[in-house]
Amino acid sequence: MGSSPELGTDLPAHVQELCTRAMDATGVAMFVTGPRSAEMPIVWVNRAFERQTGFTAAEVLGRSPQVLESLLANPVDAQQLRAAVADERELTYTVRTFRRDGVAVWTQLSLAPLTGPDGAVTHWVGAQVDVSEHLDRYAAQVASLALERRERAVLDVVARSSDLLADLDQPYALRDITALLAGYVVDWAGFYLNDDGLRYAEGVDTAAPPSGRGQRHGRYTPGVLPLAPGVHATDALGDSASVTGSVPRVRVDVPDRVQDVLDGRIEGPVTLDLSATYPQWSASGWLQRDLHHRLSGLPRRPGSVTVSAVPGRRRILGLLVTGDLPDTPPQGFGSDAEAREGVRTLLQVIARRAGTAIDNVRLYAREHRLAETLQRAMLPEQADVTGLDVWTYYAPNSEHAQVGGDWYDVLQIAPDVVGLVIGDVVGHDVEAAAAMGQLRSVVRSYAYELTTPGPVLERVDQLVQGMRIPRSASLVYAALTQPDAAQPEDAWRIEYSRAGHLPPLLLRDGTVTQLDDAGGALVGFGGRSRSTGVATLLPGDTLVFYTDGLIERRDRALRVGLEALVAASEAVTAVDAAGVGEELLSRLADAPEDDVALVVVRIPDPQRDASAVVLSPRSRRWLLPSEPASIGRARHAVVRTCQAWGVRESANAELVVSELVANGVLHGWGHLALRLFDTGDGIRVEVEDSNPAPPVPTDGHPNRMGGFGMQIVERLADWGWRPTASGKLVWATLRPSGR
């Protein structure tokens, strides 16, 4: 190998020879150049240099270092090397170089100046080590960490979106998911649900869930959302709408790929070009216009969006639309193709999970509405009974589908006879409700025909055995006979018969009697004749009929629950049926584990009721059918409640309740829930119905109908409304008046 005569002149000759042979034999590629003033000619290289670069010593000795610069893959590296040489400082740098045969290798280059006796740089010595294998391992580790970060990012987004999907009753659940995606994965995201046409959705309306059907995407008002540049208005068939009779129509024939996704003809996702021309009434056209409106607030709008299907069990429920700027890589997902593929997979996972969650909510809501509608339809419409104060209550078990087999009936069988039925079919599902409906019809039919409870249940047994109703049931049927007004000594009388049901209670002057006579087997299992129990009722007496859900708990025996009911009944101080019911519910029904049906019948005692000390809760509730007769019932209930509370001036409360209930009957649907509270500052009235539309007072327009009742309410009370899970609640607090 060539050598410089100036190297090691201060060393003995044999040491110089030893150093030269050692550097030549080492496995590290080394080279020596002259000073920068002589353009740094290469004066020595070792054999490792020849093996690493592919150049022989004869090919590089005496030549400029430019022969080495030509091996650098990045010109920036050469500039940094020149800068270090110009500053005469030591440099260690990792560069990517090419061998003579074109193979790329990573090299760690060390370059250091050698100075003479005068301190001037006379030579530069360089060493280069092939670190390709090390960097390959490092790159593999980096790639593994990047993959792990990507997977963790995906799992994080999926987990957070799953948490949001777990609470779709929250009105803005879908908006929160898109906000999560827009802040972490894409620049913009939005859900569109298909229910007779696409609509932008921030949440899932369980009252009107998406059907996944419909191509009427024409809910678009011209001028509200501007058309995209170059897009012409078209009619519902996709033809140009801005033509005259003499001008031929222009057919806009563009494939509607968005509708294809909705119809399940293609799996997707598809790309929607926001600058293309689409028929106005097509899914692509409607979505394009809506996106132009919604993306107008972004600093930079994407030129296209990705449309992914939101699949349900049987059909596509809607779309997940995402927009991303082409030069913006997703955060935490790497870059380029891998990142795009990761985002696409993530969006498909979220879309599928959203579709499943929406379908589950829709299925639950549909079954819940079906079951509850069936239950409410089968619940009785309580008859108004002259001379009796009657209050009824039904609450489904919150752990089940809000439907069960409990029912009650209050029947005006004859002018002087009132029939009362309470029963319980085993179960909490639609089958239990169906069995309850059959039994209720049977009992009502025989009650009007026979009147006496024992024979009524015998006929019910016979018919039920032939009907083969799949659920067992218990019930109590009672007939209350009104006293003869012509005989002052005559009193109310109750006849009753029980078919496996808990005994009714008779409350009289602080004592409780269980009407446990006339017991028998469950309905349909009565092999013997049914007996009839009889009791006499006095003014002030109260009858309590109930189902086992009022007293049954997992942590205690049913007998213990019955004893608790008796004890609670002995402590009742209310002088109205609704007050008695509220006291019992406040003590016993704080956490029911079964359906609860409760009927309270009280014989008024005007003389003693006026002076009684009442300690019952200052709140009342009633469930009323949506029919005109409920208005009168509500007024009577308010009058009785005000009398029980000692409210002397009840006319305003009666008028406000009358108007609110009338508004619910006229404009709402389903049953009405009436609640009354004594807040200390005035009577508060709440009326809840299933119509989510708010009440609107009349504006005095001559052609406007209705709304005058709310004006009356405004004069007497402060009022407002709020949405509920099943509709709306209208409240009114009466302004203080004399008591």
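Everything discussed here concerns the structure shown above.
Residues numbered from 1 in each chain as written. Predicted model: local features only at pLDDT ≥ 70, side-chain atom pairs only at ≥ 80, totals over all residues. Heavy atoms only, no water.

Undergrad: Describe the overall build of the chain, and please don't skip the residues or the numbers.
TA: Check the secondary structure of the chain and you find 18 helices and 25 strands. By residue count, 46% of the 739 residues in the chain fall in the buried class. Contacts in the chain between residues at least 24 apart in sequence constitute 61% of all its contacts with a sequence separation of at least 6. Taken as a whole, the chain presents about 35900 Å² of accessible surface, with 52% of it coming from carbon and sulfur. (Helix = DSSP H or I, 4+ residues; strand = E, 2+ residues; numbered from the N terminus. Buried < 20%, exposed > 50% of the residue type's maximum accessible area, 1.4 Å probe, protein only. Contact = heavy atoms within 4.5 Å. Areas by Shrake-Rupley, 256 points an atom, 1.4 Å probe, with all protein chains shown as cover.)

Undergrad: Let's hear about helix α16 (residues 629–645): which residues, and what values?
TA: Taking 1.5 Å per residue as the helical rise, α16 with its 17 residues ought to reach 24 Å, and the 25 Å between its terminal C-alpha atoms agrees with that figure. Of the residues making up α16, those classed as buried are S630, I631, G632, R633, A634, A637, V638, T641, C642, A644 and W645. Along its buried surface, α16 packs onto β21 (619–624), α17 (651–667), β22 (672–678) and β23 (683–689). Immediately downstream of α16, the backbone of G646 shows phi near 80 degrees, a positive value. (Expected span 1.5 Å × (residues − 1).)

Undergrad: Which residues make up helix α11 (residues 430–450), and what are the values?
TA: Here α11 spans 30 Å end to end across 21 residues, near enough to the 30 Å set by a 1.5 Å rise per residue. Looking at α11, one finds that the buried residues are A432, A433, A435, M436, G437, L439, R440, V442, V443, Y446 and A447. Immediately downstream of α11, the backbone of T451 shows phi near 75 degrees, a positive value.

Undergrad: Go over the side chain of T178 with me, naming the residues and quoting the values.
TA: Following the sequence through the fold, T178 ends up in helix α7 (residues 173–184). Judged by relative accessible area, T178 falls into the buried class, the value being 5%. A polar contact of 2.7 Å, which involves the side chain of T178, links it to the backbone oxygen of R175. Apart from residues lying up to four places away in sequence, T178 is in contact with A189, G190 and F191. (Polar contact = N/O pair within 3.5 Å; in protein donor to acceptor, adjacent residues only side chain to side chain.)

Undergrad: Could you give an account of the sheet that holds strand β8 (residues 270–273), naming the residues involved and the relevant values?
TA: Overall, antiparallel pairing links the five strands, which are arranged β7-β6-β10-β9-β8 in an open sheet. The sheet is open, and its two edges are formed by β7 (198–201) and β8, each paired on a single side. Ignoring strand direction, the axes of neighbouring strands in this sheet form an average angle of 35 degrees. Note: strand β9 (residues 304–311) against strand β10 (residues 316–323), seven bridges, orientation antiparallel. Paired with V305 across the bridge in β10 is G323. (Pairing = 2+ DSSP bridges. Axes fitted to C-alpha atoms, helices over the stretch in contact; angles between N-to-C directions.)

Undergrad: An account of the packing of aromatic side chains is requested, with residue identities and associated values reported.
TA: Here the structure, examined in full by the defined rule, presents four aromatic pairs. With 5.3 Å between their ring centres and 70 degrees between their planes, Y192 and Y200 make a pair best called edge-to-face. An aromatic cluster of at least three residues, connected via ring pairs, comprises Y192, Y200 and W286. The ring centre of Y172 lies 4.1 Å from the NZ or CZ of R175, which sits over that ring. (Phe/Tyr/Trp six-rings, centres within 6.5 Å; stacked < 30°, edge-to-face > 60°. Lys NZ or Arg CZ within 6 Å of the ring centre and 35° of its normal.)

Undergrad: Let's hear about the pairing of β9: which residues, and what values?
TA: Relative to β9, β8 runs antiparallel, the two sharing four bridges. In the sheet register, L272 faces β9, and the bridge partner there is V305.

Undergrad: Pulling in residues and values, what's your account of the packing of α16 against α17?
TA: Packing of α16 against α17 brings their axes to within 9 Å, and their N-to-C directions diverge by 150 degrees. The orientation of α16 with respect to α17, classified from their angle, is roughly antiparallel. Crossing hand, α16 versus α17: right-handed. Touching S630, I631, A634, R635, V638, V639 and C642 of α16 are A653, E654, V657, S658, V661, A662 and V665, all from α17. (Parallel < 35°, antiparallel > 145°, perpendicular 65-115°, else oblique. Left-handed = near helix turned anticlockwise from the far one by under 90°.)

Undergrad: Explain the packing of α11 against helix α12 (residues 453–467) to me, using residue names and the numbers behind them.
TA: For any two helices packed against each other, one specifies the crossing angle of their axes together with the interaxial distance. Running from N to C, α11 and α12 cross one another at 140 degrees; their axes reach a closest spacing of 9 Å. The chirality of how α11 crosses α12 is right-handed. Along its contact with α11, which presents Q438, L439, V442, V443, Y446, A447, E449 and L450, the element α12 presents P455, V456, R459, V460, L463, V464 and M467. For the contact of α11 with α12, a count of residues per class yields twelve nonpolar, one polar and two charged. (Nonpolar A, V, L, I, M, F, W, Y, C, P; charged D, E, K, R; others polar.)

Undergrad: Outline the environment of E627, supporting the account with residue identities and numerical values.
TA: One can find E627 in the loop between β21 and α16. Separated by 43 residues in sequence, E627 and G670 have C-alpha atoms that sit 9.6 Å apart.

Undergrad: For the sheet that holds β22, give the residues involved together with the corresponding values.
TA: Taken together, the five strands give an open sheet; going across it, the order is β21-β22-β23-β25-β24, and neighbouring strands pair in antiparallel fashion. Either end of the sheet is taken by a strand with one partner, and the two such strands are β21 and β24 (717–723). Strand-to-strand, the axes of this sheet are offset by a mean angle of 15 degrees, without reference to chain direction. As paired strands, β21 and β22 are joined by six bridges and run antiparallel to one another. Bridging from a neighbouring strand, R620 pairs with L676 of β22. Packed on one face of the sheet, helix α18 (residues 708–716) meets β24 and β25 (728–734) and runs near 120 degrees to β24.

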